[in-house]
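Structural features, examined
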Amino acid sequence: MKFVEYADADMMFLALADVIAGSLENHLFSEETATLVVPGGTTPGPIFDSLSATAHLDWSRINVLLSDERWVPLDSPRSNTKLLKDRLLTGPAAAARYVPLFCDAADPSAGALALGPSVEDVLPITVLVLGMGADMHTASLFPNSPQLAGALDPKAPAVVAVDVPDQPEDRVSLSASVLRGAISTHIVIKGADKRAAVERAQHLDEMAAPIQTVLSSATVHWAES
Ligand SMILES: O=C(O)[C@H](O)[C@@H](O)[C@H](O)[C@H](O)COP(=O)(O)O
């Protein structure tokens, strides 16, 4: 694990957007396409704002998908898809190939689980960006989820549906083996509580600290606020 500390979050977001763009550009020098996976939640928005404006990237050759999604209508303020479309898939990045975790046609309110068949087609992940909760969850791999063991299983499907007892809605998540297969992994966190959680996680197993799925090979980007 590499740990990079920044003077403030704004500097971290700009620097990480540059790192992501550079990695994608390098990959596209030798490969036809690249795959970028990003988290939802409240942290990554400013990264998306900066990255979406990167005009020198050939976004038409970049697949973009979420690490996980809440099971809500796609226009819900809780929707990571809404966050992605509002703040990343705009400007030059609007040309990217968005890969849904579940088919838009699926009606989340009816619980119809139609997982996107195209996720497997865009693996392995070129650049994986993840957030983390203070409970050491990442994506929607939560320590207290009844489906966590299944999601950690190397034989798990690429996308798994999970119940999360203390979250307002069910979720879907990329499974551990898909996350672990990423070529480069960046974890972006803010605050003293999450820094302490990363320290704690290094002494726990994946069931207690799902972030351990990727931590050893990741660069952790941290700012106090
Ligand atoms: O759907 C989500 O909520 C995210 O994908 C999730 O894994 C997030 O990265 C962490 O919960 C941290 O969230 P914050 O950035 O809001 O602290």
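Our subject in this report is the structure included herewith.

Conventions and cut-offs
Residues numbered from 1 in each chain as written. Predicted model: local features only at pLDDT ≥ 70, side-chain atom pairs only at ≥ 80, totals over all residues. Heavy atoms only, no water. Helix = DSSP H or I, 4+ residues; strand = E, 2+ residues; numbered from the N terminus. Expected span 1.5 Å × (residues − 1). Buried < 20%, exposed > 50% of the residue type's maximum accessible area, 1.4 Å probe, protein only. Arc of directions from axis to C-beta. Polar contact = N/O pair within 3.5 Å; in protein donor to acceptor, adjacent residues only side chain to side chain. Pairing = 2+ DSSP bridges. Axes fitted to C-alpha atoms, helices over the stretch in contact; angles between N-to-C directions. Near = heavy atom within 4 Å. Areas by Shrake-Rupley, 256 points an atom, 1.4 Å probe, with all protein chains shown as cover. 1 Å grid on protein atoms, 1.4 Å probe; cavity = no way out; pocket = protein on both sides within 12 Å on 5 of 7 lines; lining within 4 Å. Sits in = over half its atoms within 2 Å of the grid points. Nonpolar A, V, L, I, M, F, W, Y, C, P; charged D, E, K, R; others polar.

**Some details on helix 1 (residues 9–30)**
Taking 1.5 Å of rise per residue, the 22 residues of helix 1 would be expected to cover 32 Å, and the 33 Å separating its terminal C-alpha atoms lies within 8% of that figure. For helix 1, the complete set of buried residues consists of Ala 9, Met 12, Phe 13, Leu 16, Ala 17, Ile 20, Ala 21, Leu 24, His 27 and Leu 28. Each buried residue of helix 1 sits inside an arc of 160° when the element is viewed along its axis, so together they form one side. Looking at helix 1, the residues exposed on the side facing more than 90 degrees away from the buried face are Leu 14, Asp 18, Phe 29 and Ser 30. One side-chain oxygen at the N-terminal end of helix 1 lies 3.0 Å from the backbone nitrogen of Asp 10; it belongs to Asp 8.

**Section: the pairing of strand 8 (residues 171–174)**
Looking along a regular strand, one sees the side chains alternate between the two faces of the sheet. Side chains Arg 171 and Ser 173 project from strand 8 onto one buried face, and the interleaved Val 172 and Leu 174 project onto a second face that is buried too. Sheet topology note: the strand 4 (residues 68–70)/strand 8 ladder contains three bridges and is antiparallel. In the strand pairing of strand 8, Glu 69 is matched with Val 172. The sheet contact formed by strand 7 (residues 159–162) and strand 8 spans four bridges and is antiparallel. For Val 160, the partnering residue across the bridge sits in strand 8 and is Ser 173.

**With respect to the sheet that holds strand 8**
Strand order in this open sheet of three strands is 4-8-7, and the pairing throughout is antiparallel. Only two strands of the sheet have a single partner each, and these edge strands are strand 4 and strand 7. Each neighbouring strand pair of the sheet contributes to a mean axis angle of 20°, computed without reference to strand direction.

**A word on the site of the ligand**
Near the ligand there are 15 residues, and of these Thr 42, Thr 43, Asp 68, Ala 139 and Lys 194 occur at the shortest range. Contact between the ligand and Thr 43: an oxygen atom at 2.6 Å from a side-chain N or O atom of the residue. Note that an oxygen atom of the ligand is positioned 2.8 Å from one of the side-chain N or O atoms of Asn 80. Computed on the free molecule, the ligand has an accessible area of 410 Å², of which 89% lies beneath the protein chains in the complex. Of the pockets mapped on this structure, the ligand occupies the largest pocket. Of the residues in the shell around the ligand, the class split is three nonpolar, eight polar and four charged.

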